[in-house]
Amino acid sequence: MESGGFWGRGRGSGGDRDTERDGGGRRGGGGGGGRGRDAWHQQGRGRGRGRDARHQQQQQQGRGSNQGRSRGQVVPNPSAVQQGHAPTESGRGDRRSGGGRGPGVGPSFPRVVSAQRHQSSSTSSPAAHVPGAVVPAMESLTISKSAPPLSSSSTEIILPMKRPDNGGTNAFKKLSLLVNHFVVKFDPEKIIWHYDVDVKPMLASSDRHPVKISKSNLYLIRKQMFKVDPEQFPFDMTVYDGEKSIFSVAELPTGEFTVQLFESSYLVTLKLVNELRLSQLNDYIGGKVPSVPRDILQAMDLALKENPKRLMLSLTHSSHRRGDDLGGGIIASRESKYSLKQTSQGLALCLDYSVMPFCKPLPVIEYLKKQIDGFDINNFGNFKEKVEHALKGLEVYKSHLNTNRRHKIAGLTSSGARDISFSIEDQQTGLVDYFKQKYNMDIKYQGIPCLELGKKNGSHVVPIEFCVVAEGQRYPKELLDRDATKKLKNLSLPSPTVRQNIICDMVKDANGPCGGQVVQNFGLEASKDMTRVEGRVLISPQLFAGAPRGKKIKINVNEKCHWNLVGDRCLVEGIKIDRWAILDFTLDGLYKQRFRPDFFVPRFIDRCNNLGINIGDPLHYQDARVNILYSEDGLRKMLEGIQRRSNEKGGGHLQLLLCVMAEQHPGYGCLKFVSETKVGIMTQCCLSAGANQAKDQYLANLALKINAKLGGHNVEIVEPLLRFKGGGDVMFIGADVNHPGKNSTSPSIAAVVASMSLPAANRYAARICPQDHRSEKIQDFSNMCLELVESYYKLNKRMPGKIVIFRDGVSETQFDMVLNEELADVKRAFQAMNYFPTVTLIVAQKRHHTRFFPMHKQDGGSSGNVPPGTVIDSTVVDPSGFHFHLFSQYGMIGTSKSTQYHVLWDEHGFSSDHIQQLIHSMCFTSARCTKSVSLIPPVKYADLTAYRGPLYQQVLDRQAQVSSRSSSSSSSAPAPPSQPSAAAFDKRSYRVHPDLQHSMFFI
């Protein structure tokens, strides 16, 4: 049984973590074997208390007076006031009067605390943390900095911090830029009424199951309702979000209304929610109120989207979307992207576009001829499976009816049209006769199956020849062939000049977001000119590369922020590889795809040794059939056999297994799952096409990844990266969540990585955890961070006193969740362990549509893009927050996109210049390449780690399906439908093998 652990927490018998067996790991002698976190809590604070009890005790103990030096803004929580919660002041220290109010004391308004930057810890008094038993392993490790915890009181809400200064000033060059933000003017006297709308079908008493109404039908129901009575319901005075909200600049009647659409009746209920005065938006822009009036912005945003939406939905099946033909019945077409932004210059429309593949609005039979090679309607039976795959889920119009109603294809009937009949008024009628009698139309292809629309139950059947593919349906990119994918990529990557001109045309288009009557009725007017803004180009950091005899040499990056490792240059710290092997999966491939180890191996060894990686001949070479990648048990036995041979021949565990494949293979996920979670072998995969050419750059890139995976350091920043006040160890954390598709019920995957090396932050460890389906909140964030801090201590024998968290994948509307839930959970978990590091929280956003263009050609370089190192922190940034755009990469093709950074919470006193230069410099430390990257490495590594989750899930689900089939074959019960396995939601299924837990296996 394992001991109580570094935190004094037990592990149980499951062996969740690797056990530190040497004497330097401080296993927490007083914790007791097998005791969990609650057991530690019982020891120190009384039995039966969990996190909620600790939370309550912290409230009763009170907070210190440091909140005035807070890193975020603390404002009242209105719901807490209504509930009569007593106010507490956030922070550690003296108990506040009123903090322990008992029952019978009336509610009091919580204190509103203004946020300032946290000052240097050297000027602050020591913190008095919540008293309690101290874990023995932590007694000598307590880090009690002056940073108070986030408020855990329900009477206070933490808002993102404000910028601590007027923006950065550092620059070796300034340049003028244009940005695709168009200033929007609005009438502050305008009132918008917000209504809740509920639409329900009026079902017959025999129908028990409610019918889900599609968004397109909801739009048509609303349109029909307003068309019947335009005086009470003026259509051009309203906008609809397609779900529950209607916004109107005219008062609408409330109550219940019956709407007839096609053959169905619907009950529409309207309720007034709020009167929105646009003067409130003026107050926010002017800084008079701290919170964003999101409902007003939503109404305005919908008003700008209404004109293009109406145009698209009014297109009938005879209309064609303009675009470039990709073949197979698919076109590449521009899709407008627009949103309202609150910026320093006021309200602005951000207007951009993307190029997406869409299905052509063709008759279904014509669509099938383009989709399926050799399709012959007269030989339908040979293509039935391909037809069903190509059509399932598509929406179609019925060409024999003059309506815009869309129907989703559920599948094909089992029999042809001539054999289908149904009952009408107690009489059986054949489908062929029905169409002749009702529509005077002959069914030409009577022997082929019909389409089942809506549900696959035979209740709604239409011959294929009378259906047309509906307009505006996206086609999955992953289903495109190679030529179509290449063409789409070229169309998606226009030069900056081309993109800029297209956007300017879009804003002037009468059919665009700025045209139409609705925008005028809502009192909105958008400028036709892009916004001018100033950019500052930051200095690129100098780098250290390795040199012969263990020395370091300084290298300068070029204007594209690239460098190379040629001549005497090598890696800063090359790893020594004594035990490695090759696993060749190309035996089943074509002859030209076969791996040539005699050609590859000596060149690979020479390139590694030139880079400072001391590597000899492989211990073992083995070929394998590629189909073993579908067998977890077979693969595991093979890898364990290779591991045994390494122990016997090399005297230790295998350091690296190089796996060569003829092409990208779906069994890749199985290989990673088995090697990383079951056996504990570090693998590096490569394709035989590149390996057989053995070009110098290819071998160097392969060596970079291998060196990082095995614990080496590739490059370092000359200038000290971690210039934090007060010194001390710093840990950088990256966090992200990977979500399954909307039609899947699989868990989302949370990934957290953290730097482990000192003083350069270029070595990381990672943790993976499944959580609720499509939940953006990292539900186990605190425990994942605690585990990574523990790993840091094991490797460095000391604790990080400063932590900088980079959170990826969240929008501005989720900042509240990140601050008041995720960060608060982490802070409370640290405090419960008597550990008080200072923390900064920054959100990185890559998925946005703000685009910058150099005003002068000479500023754009050969590609015409904004130069690397450019930072923008004025005019188009959030006026209420600490927000900036950074181009840390060189854009070779297409139009470069900046990364947005929002500093939400800061206990380190960062200035704009400091945090901008820190992030820019860190972008030069990626282990995967010799250039500056667009996204700070902790975030990119978290993204790569999160991608491991779906790979593991595929294996877990396949195991469950095999088990289900074997159990169902032994009984008469049919196998259940495919669902995620229980193991897919089990955290233990994703735990990396102890031998790899401190490594960068994910790159």
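None of these values were measured; they are calculated from a predicted model. (Residues numbered from 1 in each chain as written. Predicted model: local features only at pLDDT ≥ 70, side-chain atom pairs only at ≥ 80, totals over all residues. Heavy atoms only, no water.)

Visitor: Tell me about the sheet that holds strand β39 (residues 899–906), and please be specific about residues and values.
Guide: If you trace the 11 strands from one edge of the open sheet to the other, you get β33-β32-β31-β34-β35-β39-β38-β37-β21-β3-β36, paired in mixed fashion. Sheet topology places β33 (764–771) and β36 (852–854) at the edges, where each strand pairs with a single neighbour. The sheet shows a mean angle of 30 degrees between the axes of neighbouring strands, direction not considered. Relative to β33, strand β32 (residues 748–755) runs antiparallel, the two being bridged by eight bridges. Its bridge partner lying in β33, Val752 is registered against Arg767. Where helix α18 (residues 781–796) meets the sheet, it contacts β31 (730–738), β32, β33 and β34 (802–808), and its direction lies at approximately 30 degrees from that of β32. On the sheet, helix α20 (residues 912–922) packs against β21 (531–537), β31, β33, β34, β35 (838–845), β37 (870–872), β38 (882–887) and β39 and is oriented at approximately 35 degrees with respect to β38. (Pairing = 2+ DSSP bridges. Helix = DSSP H or I, 4+ residues; strand = E, 2+ residues; numbered from the N terminus. Axes fitted to C-alpha atoms, helices over the stretch in contact; angles between N-to-C directions. Contact = heavy atoms within 4.5 Å.)

Visitor: Explain helix α9 (residues 431–439) to me, and be specific about the residues and the numbers.
Guide: Those residues of α9 not exposed but buried are Leu431, Val432 and Phe435. Seen along its axis, α9 keeps its buried residues to an arc of 110 degrees; they face one direction. Exposed residues lying more than 90 degrees from the buried face of α9 are Gln437 and Lys438. Contact partners of the buried residues in α9: β15 (421–424), β16 (427–430), β17 (449–453) and β18 (461–462). (Buried < 20%, exposed > 50% of the residue type's maximum accessible area, 1.4 Å probe, protein only. Arc of directions from axis to C-beta.)

Visitor: Before we move on, could you go through the side chain of Thr925 and cite the residues and values that matter?
Guide: Mapped onto the secondary structure, Thr925 falls in the loop between α20 and α21 (937–969). Polar contacts involving the side chain of Thr925 include one to the main-chain carbonyl oxygen of Met922, which spans 2.6 Å. Discounting chain neighbours no more than four positions away, the residues touching Thr925 are Val715, Ile717, Ala761, Pro937 and Tyr941. (Polar contact = N/O pair within 3.5 Å; in protein donor to acceptor, adjacent residues only side chain to side chain.)

Visitor: Got a sec to walk through the nonpolar core? Specific residues and values, please.
Guide: Note that soluble globular proteins tend to have their nonpolar side chains buried in a common cluster. Counting residues in hydrophobic clusters, the biggest one holds 108 residues, and the most contacted among them are Leu639, Phe732 and Ile919. If one sorts the elements of this core by residue count, α21 sits on top with eight residues. Those residues in contact with Leu639 that lie beyond four places of it in its chain are Leu583, Leu657, Leu671, Val674, Ser675, Val679 and Ile681. (Core = buried A, V, L, I, M, F, W, Y, C linked by side-chain atoms within 4.5 Å.)

Visitor: Kindly report on unusual backbone geometry, identifying the contributing residues and their values.
Guide: Even without being glycine, Cys561 reaches a positive phi, approximately 60 degrees. Turning to its location among the elements, Cys561 is positioned in the loop between β23 (551–555) and β24 (576–577).

Visitor: Can you explain helix α15 (residues 668–679)? Please cite residues and give values.
Guide: With 12 residues, α15 ought to run about 16 Å at 1.5 Å a step, and its terminal C-alpha atoms sit 16 Å apart, in line with that. Buried residues dominate α15, accounting for 10 of its 12 residues. Buried within α15 are the following residues: Gly669, Cys670, Leu671, Lys672, Phe673, Val674, Ser675, Glu676, Thr677 and Val679. Of the residues one or two after α15, Gly680 is the one with positive phi, at around 85 degrees. (Expected span 1.5 Å × (residues − 1).)

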